[in-house]
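# Chain and residue survey
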Amino acid sequence: MLLPNKMKHRKVFKGKIRGTASAGNYIAYGSYALQSLGNERITSRQIESARQAMTRYVKRGGRIWIRIFPHTPVTRKPQDVKMGSGKGNPEFFVAKVRPGTILFEMQGVDESVAREAMRLAAHKLPIKTKFLVKEDV
């Protein structure tokens, strides 16, 4: 699972995920990519699950890049605790994803294999996604 090594602040505000992606919205490394079409918080468990699904399908062939990282801690209060008395403890980490963000990239496999691997990975994620192919310039 992906986790940040060190953080400036242990607990952060929830915030809003608005607008479209201005960074990380182009294919940088591979030939094929999975792009988000919605805005959502993706947990490190979901990212790892999607990565495993892709890796298993391509039988560890090709190369996979994960373009998102879960920096933001999410806090939870214990069950059966009354209202008030401060904020809960950090439980897990999420990546805030905007529409247009490239989530995963792949190279070194056939397009049909990459498309199916990305489809399997997309089922593990809480957002709608789109398969992209890099135009050869």
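Structure shown above.
The structure reproduced in this document is the subject of the present report. Remember, it's a predicted structure, so these values are computed and weren't measured experimentally. (Residues numbered from 1 in each chain as written. Predicted model: local features only at pLDDT ≥ 70, side-chain atom pairs only at ≥ 80, totals over all residues. Heavy atoms only, no water.)

### Some thoughts on a positive patch on the surface
Among the surface-exposed residues, Arg-10, Lys-11, Lys-14, Lys-16, Arg-18, Arg-76 and Lys-87 lie close enough to one another that they form a single positively charged patch. For Lys-87, the position within the fold is in the loop between strand E4 (72–76) and strand E5 (89–97). (Patch = residues over 30% accessible without salt bridge, like charges linked within 9 Å, V, L, I, M, F, W, Y side chains within 5 Å. Areas by Shrake-Rupley, 256 points an atom, 1.4 Å probe, with all protein chains shown as cover. Salt bridge = Lys/Arg side-chain N within 4 Å of Asp/Glu carboxyl O. Lys, Arg positive; Asp, Glu negative; His and termini not counted. Charge placed at Lys NZ, Arg CZ, Asp CG, Glu CD. Helix = DSSP H or I, 4+ residues; strand = E, 2+ residues; numbered from the N terminus.)

### Let's talk about the sheet that holds E4
With antiparallel pairing, the 3 strands of this open sheet are ordered in space as E2-E5-E4. Here the strands that pair on one side only, and so sit at the sheet edges, are strand E2 (40–43) and E4. Sheet twist, expressed as the mean angle between neighbouring strand axes with direction ignored, is 50°. Taken strand by strand, helix H1 (residues 44–57) contacts E2 and E5, and its axis lies near 70° from that of E2. (Pairing = 2+ DSSP bridges. Axes fitted to C-alpha atoms, helices over the stretch in contact; angles between N-to-C directions. Contact = heavy atoms within 4.5 Å.)

### Re the packing of aromatic side chains
In this structure the tally under the stated criterion is 2 aromatic pairs. Judged by centre distance (5.7 Å) and plane angle (20°), the ring pair of Tyr-29 and Trp-65 falls under stacked. Here Trp-65 lies in strand E3 (residues 63–66) and Tyr-29 lies in the segment before strand E1 (32–36), a separation of 36 residues in the sequence. Take Tyr-29: its relative accessible area is 48%, and that puts it in the partly exposed class. (Phe/Tyr/Trp six-rings, centres within 6.5 Å; stacked < 30°, edge-to-face > 60°. Buried < 20%, exposed > 50% of the residue type's maximum accessible area, 1.4 Å probe, protein only.)

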